[in-house]
Amino acid sequence: MYNHILIPTDGSPLSTVAVEKGLAFARDAGAKVTVLTVVMPFHVISGRSDQLSSTPAEYEQQSQEAASAYLSEAEMKARSLGVPCEAVLARHDQPYRAIIDTAKDKGCDLIAMASHGRRGVSAIVLGSETVKVLTHSTIPVLVYR
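Residues numbered from 1 in each chain as written. Predicted model: local features only at pLDDT ≥ 70, side-chain atom pairs only at ≥ 80, totals over all residues. Heavy atoms only, no water.

Focus: the overall build of the protein chain
So, step 1. When helices and strands are counted, the protein chain shows six helices and five strands.
So, step 2. Listing the helices and strands of the protein chain from first to last along the sequence gives β-α-β-α-α-β-α-β-α-α-β.
So, step 3. Put simply, the protein chain has 145 residues, and 38% of those count as buried.
So, step 4. The contacts in the protein chain between residues at least 6 apart in sequence include a share of 74% that link residues at least 24 apart.
So, step 5. Here the protein chain displays about 7,900 Å² of accessible surface, and carbon together with sulfur accounts for 55% of that area. (Helix = DSSP H or I, 4+ residues; strand = E, 2+ residues; numbered from the N terminus. Buried < 20%, exposed > 50% of the residue type's maximum accessible area, 1.4 Å probe, protein only. Contact = heavy atoms within 4.5 Å. Areas by Shrake-Rupley, 256 points an atom, 1.4 Å probe, with all protein chains shown as cover.)

Here it is as structure tokens:
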């Protein structure tokens, strides 16, 4: 059915659950996995608290450390399930684009990711990387809520 699954994670509790479910699905399907974390570049003008309270060098170090921790945790979980896993760290202004590009570059035939399930105005105002992936991807997307 599926041979190579991309599982993006941002380290949030919801994406951690999606990683666990995606890895279990990959194990059952006999698929390999690529786990992806996307780090957004530092911006001088930003509404993100992690960028407002850091210098560019501090932000770079903190985001690198956090991304490495998310990916290491996912790799350990994959190993414990016997799922072949590659970890990828991408840097991009648009995480949804990095997700789609990585899936294409790695030859993935499924993207499995989390969604907060926001509806109405909050979904429109806040946006959703998952919705953007669903809208722009030609690769099937499995959404965990």
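Some points on the pattern of salt bridges
So, step 1. Counting across every chain of the model gives seven salt bridges.
So, step 2. For Asp28, the salt bridge is made with Arg27, and the minimal N-O distance between the two is 3.1 Å.
So, step 3. Overall, the relative accessible area of 61% leaves Asp28 in the exposed class.
So, step 4. Taking relative accessible area as the criterion, Arg27 reaches 40% and is therefore assigned partly exposed. (Salt bridge = Lys/Arg side-chain N within 4 Å of Asp/Glu carboxyl O.)

Things to note about the sheet that holds strand β3 (residues 85–91)
So, step 1. On the basis of which strands lie adjacent, the open sheet formed by five strands has the order β3-β2-β1-β4-β5 and parallel pairing. Looking at which strands have only one partner, the edges of the open sheet turn out to be β3 and β5 (141–144). The mean angle between the axes of side-by-side strands here comes to 25 degrees, regardless of whether they run parallel or antiparallel.
So, step 2. Pairing of strand β4 (residues 110–114) with β5 involves four bridges; the strand directions are parallel. Counted as the bridge partner of Ile111 is Val141 from β5.
So, step 3. Along the sheet face, helix α6 (residues 129–136) touches β4 and β5 and points at about 160 degrees away from the line of β4. (Pairing = 2+ DSSP bridges. Axes fitted to C-alpha atoms, helices over the stretch in contact; angles between N-to-C directions.)

Structural notes on the nonpolar core
So, step 1. Counting 17 residues, the largest nonpolar core has Ile5, Ile7, Leu23, Ala26, Val33 and Val83 as its most contacted members.
So, step 2. When residues of this core are traced back to their parent elements, those giving at least two are β1 (4–8), α1 (13–29), β2 (32–39), α3 (56–81) and β4.
So, step 3. If near-sequence neighbours (up to four positions away) are discounted, Val83 is found in contact with Leu23, Ala26, Arg27, Ala31, Val33 and Ala78. (Core = buried A, V, L, I, M, F, W, Y, C linked by side-chain atoms within 4.5 Å.)

Let's talk about the packing of α1 against α3
So, step 1. Closest axis-to-axis distance for the α1/α3 pair is 10 Å, and the angle between their directions is 30 degrees. By the angle between their directions, the pair α1 and α3 is classed as roughly parallel. Between α1 and α3 lies a crossing of right-handed hand. In this structure, α1 contributes Thr16, Val19, Glu20, Leu23, Ala24 and Arg27 to the contact, and α3 contributes Glu73, Ala74, Lys77, Ala78 and Leu81.
So, step 2. Across the contact of α1 with α3, the residue classes break down as six nonpolar, one polar and four charged. (Parallel < 35°, antiparallel > 145°, perpendicular 65-115°, else oblique. Left-handed = near helix turned anticlockwise from the far one by under 90°. Nonpolar A, V, L, I, M, F, W, Y, C, P; charged D, E, K, R; others polar.)

Side note on the environment of Ser63
So, step 1. Position of Ser63 among the secondary structure elements: in helix α3.
So, step 2. Relative accessible area serves as the criterion here: at 13%, Ser63 is assigned to the buried category.
So, step 3. Considered as a pair, Ser63 and Val38 are 25 residues apart in the sequence and their alpha carbons are 9.5 Å apart.

A look at the pairing of β4
So, step 1. Among the five residues of β4, five are classified as buried, and the element is accordingly described as predominantly covered.
So, step 2. Where burial is concerned, the two faces of β4 agree: the one with Leu110, Ala112 and Ala114 and the one with Ile111 and Met113 are both buried.
So, step 3. As paired strands, β1 and β4 are joined by two bridges and run parallel to one another. Bridge pairing in β4 places Ile5 opposite Leu110.

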